[in-house]
Amino acid sequence: MPLKSERIQIDNGIYLNLIYTDKFKSNLLSYYFLRPLSKDEVTKNALLPLVLKRGTEEYDTNLKIQKKLEETYGANLSISVNKRGERQVLRFTVEAINGNYVGDKKNIYEVINLLQSIIHNPTLEKGYFRKDYVEQEKENLKNRIEGRINDKRSYALDRCIEEMCKNEKFSIYPLGKVEDLQSIDEDILYNHYSDVISTSPIEIFYIGEYDDELIEYIKNIGKTERKDVLTIPREQIISGVQTKNMISEDLDVTQGKLVLGFRTGIPYEDRLYNGLIVASDILGSGPNSKLFRNVREKESLAYYITSTIYKYKSIMLIDGGIEFQNFEKTLDIVNEQLDEMKKGNFTEEDIEISKKSIKSSTESIRDSAFLISEYFFSQILSNDNRSLEEILKDIDTVTKEEIIDAISQVALDTIYFMKNSKVE
């Protein structure tokens, strides 16, 4: 059955998105709060999920929340924050078993009420968040921010983006900065959250089986007092490169991390965007890709090497794990393979393998209610009204000329290299 989303406005800046499916034994409800990615509020937004999951008015400890989740047949709650382009997104999700399977059709209402309580009725002290919860979660957030360096591959990608986009909002790390934490206390954070609730664009998603009664319940419970709702502008897309950056960092690592940041100048609205997706896949996605075959297999220069398109910002990153002394040679071969792509030196078989891989990955969202929610949320962010089937068809119709046109617009902007000079 084709996946379709019905979008209903239920209040000023609040939309309910309904995707009916009987494929799963569970139903999923997600609230997405959209904020501008800004230095002024990024750390406060990152702190909110940690504090909110500590307790509600009715369940004032995380232990009591977990007990309630167990009572609702093991419902799963997740609260997170991340960035989508130059937006920061707070997501509240609960997934619970379909009541038809346990003979308890009211279970979903219990779960919805719990999620509503976490969002709208957090446990308070003197009208603000509890001081002890805020202070404890500030320490936890500090540890998470400082701990990002432990995942060297992810850290290298973040650092390349930070340097490449240092004059753009996209460079902002979504968990914020340790330096900001000292100035945040329980009343500042609560007042900020009140503003988040009343001014954020909110997208609510329900995936699963539902009836009119349930939808009316979600519509009514989702309404809240609103102020002027924020308008978050489209990301700035930069074409071409003015100055190339070369960033080298010396860390205690045994393997070098090379990240190459490219400007594509092709926004997701452009007709060449699908060609860019296929081009990136041919270049560096999977064991059939040019980079895998030539950098890793033929020359044995890399432990891994991949190419990825960042949709909202229209940039492409190639990242690889290499021996320190292979930096120059790896760079040369990556550039050679890019030039080969721009000359059209790839086969129809390369194109078909990549299209099949992209379509398979896209179709896999049908297997998860969470992925379905994420997919349709992404469609809203990009104002893309195409169905999943139409997207698959558009990938199928990409031509070799479009792939060449797209990859020919790619320009190297920033080179980031993590090394260890003690073992060079």
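Each remark here, short or long, concerns the structure printed above.
To start, this report covers the structure provided alongside it. Because the structure is predicted, anything quoted here is derived from the model rather than measured. Position labels on residues start from 1 in each chain and follow its written sequence. With the structure being a predicted model, the display of local features is reserved for residues of pLDDT at least 70 and the display and counting of side-chain atom pairs for 80 or more, all residues being used for whole-chain, interface and lining totals. To get the side-chain values, all heavy atoms of the structure are used, and hydrogens and water are removed first.

### Regarding the overall build of the protein chain
For clarity, the threshold we go by: A helix here means a DSSP run of H or I that spans at least four residues, while a strand means a run of E at least two residues long, and both kinds are numbered starting from the N terminus. Throughout, exposure labels follow a simple rule: accessible area from a 1.4 Å probe, protein chains only, divided by the maximum for the residue type, with under 20% read as buried, over 50% as exposed, and the rest as partly exposed. Residues count as neighbours in contact if any of their non-hydrogen atoms are within 4.5 Å of one another.
Looking only at helices and strands, the protein chain features 15 helices and 13 strands. Taking the principal axes of the C-alpha coordinates as reference, the protein chain spans close to 60 × 50 × 40 Å. Every one of the 424 residues in the protein chain was classed for burial, and the buried ones make up 54%. Restricting the contact set of the protein chain to residue pairs at least 6 apart, pairs at least 24 apart contribute 81%.

### Overview of a nonpolar patch on the surface
Our working rule: Patch membership needs two things, relative accessible area over 30% and no salt bridge, and members are linked within 9 Å if like-charged or within 5 Å if nonpolar (Val, Leu, Ile, Met, Phe, Trp, Tyr). Surface exposure here means Shrake-Rupley accessible area, sampled with a 1.4 Å probe, where a residue is shielded only by the protein chains that are shown. A side-chain nitrogen of Lys or Arg and a carboxyl oxygen of Asp or Glu constitute a salt bridge if their distance falls within 4 Å.
Taken together, the side chains of Tyr 73, Tyr 101 and Val 102 present a nonpolar region at the surface, about 270 Å² in accessible area. Summarising the element assignment, Val 102 is placed in the loop between strand E5 (87-97) and helix H3 (107-120). Classification of Val 102 by relative accessible area gives partly exposed; the value is 30%.

### Looking at the pairing of strand E3 (residues 26-36)
Each regular strand shows side chains that alternate between the opposite faces of the sheet. Just so we agree on the cut-off: Paired strands are those between which DSSP finds at least two bridges.
The buried fraction of E3 is high, at 10 of 11 residues. Strand direction decides the pairing type here: E3 and strand E8 (residues 202-208), joined by six bridges, are antiparallel. Residue pairing in the sheet places Leu 29 in a bridge with Tyr 206 of E8.

### Section: the side chain of Ser 289
Take Ser 289: it is sitting in the loop between helix H9 (273-284) and helix H10 (290-298). In this structure Ser 289 comes out as buried when scored by relative accessible area, which is 2%. In contact with Ser 289, other than residues within four places in its own chain, are Asp 281, Ile 282, Leu 283 and Gly 284.

### A few points about H9
So the rule is basically this: For a helix, the expected span equals 1.5 Å multiplied by the residue count minus one.
Helix length check: H9, at 12 residues, gives a terminal C-alpha distance of 17 Å against a target of 16 Å (1.5 Å per residue), a fit within 8%. Within H9 the residues assigned to the buried category are Tyr 273, Asn 274, Gly 275, Leu 276, Val 278, Ala 279, Ser 280, Asp 281, Ile 282, Leu 283 and Gly 284. Following H9 by one or two positions, Gly 286 adopts a phi angle in the positive range, close to 90°.

### Side note on helix H8 (residues 212-221)
In an α-helix, one full turn covers 3.6 residues, which means residues spaced three or four apart are oriented alike. As a reminder, the rule being used: Starting at the helix axis, one direction is taken to each C-beta atom, and the arc is that of these directions.
Taken residue by residue, H8 has Leu 214, Ile 215, Ile 218 and Lys 219 as its buried positions. Taken around the axis of H8, the buried residues stretch over an arc of 135°, which confines them to a single face. Buried-residue contacts for H8 involve strand E1 (6-11), strand E2 (14-20), E3, H3 and E8.

### What about the nonpolar core?
Stated formally: Here the nonpolar core consists of buried residues drawn from Ala, Val, Leu, Ile, Met, Phe, Trp, Tyr and Cys, with membership extended through side-chain atoms lying within 4.5 Å.
Counting 76 residues, the largest nonpolar core has Leu 260, Ile 318 and Ile 403 as its most contacted members. Those residues in contact with Ile 318, other than ones at most four positions away along the chain, are Leu 258, Val 259, Leu 260, Phe 262, Leu 283, Leu 291, Ile 305, Thr 306, Ser 307 and Val 334. In this structure, Leu 48, Ile 79, Tyr 173 and Ile 215 belong to the second largest nonpolar core, which totals 51 residues.

### Describing the pairing of strand E13 (residues 411-419)
In terms of residue burial, E13 counts as a mostly covered element, since seven of its nine residues are buried. The pairing of strand E9 (residues 245-250) with E13 spans six bridges and is classified as parallel. Counterpart to Ile 247 in the pairing with E13 is Tyr 416. Inspection of the sheet shows strand E10 (residues 256-263) paired to E13 by seven bridges, in the antiparallel sense. Note that in E13 the partner of Lys 257 across the bridge is Met 418.

### Things to note about the side chain of Thr 199
Convention followed: Throughout this description, a polar contact denotes any pair of N or O atoms lying within 3.5 Å of each other; where both atoms belong to protein, one of them has to be capable of donating a hydrogen while the other can accept it, and for residues adjacent in sequence the pair is counted only when both atoms sit in side chains.
As for its placement among the helices and strands, Thr 199 is situated in helix H7 (residues 186-199). We classify Thr 199 as buried; its relative accessible area is 6%. A polar atom in the side chain of Thr 199 sits 3.0 Å from the side chain of Arg 35. A polar atom in the side chain of Thr 199 sits 2.7 Å from the backbone oxygen of Asp 195. When sequence neighbours within four positions are dropped, the list of residues in contact with Thr 199 reads Arg 35, Arg 226, Lys 227, Asp 228, Val 229 and Leu 230.

### Regarding the pattern of salt bridges
A side chain with one charge may pair with a side chain of the opposite charge, provided their charged atoms come close. Tallied over the full model, the rule gives 37 salt bridges. Between Glu 389 and Arg 366 there is a salt bridge whose closest N-O contact spans 3.0 Å. Within this pair, whereas Glu 389 is found in helix H14 (residues 388-396), its partner Arg 366 is found in the loop between helix H12 (348-363) and helix H13 (369-381), the two being separated by 23 residues in sequence. On the basis of relative accessibility, which here comes to 29%, the residue Glu 389 falls in the partly exposed class. Given the relative accessible area of 21%, Arg 366 is considered partly exposed. Across the pair Asp 394 and Arg 386 runs a salt bridge, and its minimum N-O distance is 2.7 Å. Judged by relative accessible area, which is 27%, Arg 386 ranks as partly exposed. Among the charged side chains, a network of salt bridges with common partners joins Arg 148, Asp 158, Arg 159, Glu 162, Glu 163 and Glu 249.

### Considerations on the packing of helix H1 (residues 42-52) against H7
The line we're drawing: For helices, the axis comes from a line fit to the C-alpha atoms of the stretch in contact; other axes are also lines fit to C-alpha atoms, and the angle between any two N-to-C directions lies between 0 and 180 degrees. Between 65 and 115 degrees an angle is taken as roughly perpendicular, under 35 as roughly parallel, over 145 as roughly antiparallel, and anywhere else as oblique. Three categories are distinguished: nonpolar for Ala, Val, Leu, Ile, Met, Phe, Trp, Tyr, Cys and Pro, charged for Asp, Glu, Lys and Arg, and polar for the others, with Gly belonging to the last.
The contact between H1 and H7 brings their axes to 10 Å, and the two run at 100°. When the axis of H1 is compared with that of H7, the two are roughly perpendicular. On the side of H1, the interface is formed by Lys 44, Asn 45, Leu 47, Leu 48, Val 51 and Leu 52, while H7 contributes Ile 188, Leu 189, His 192, Tyr 193 and Val 196. Residues of the contact of H1 with H7, tallied by class, amount to eight nonpolar, two polar and one charged.

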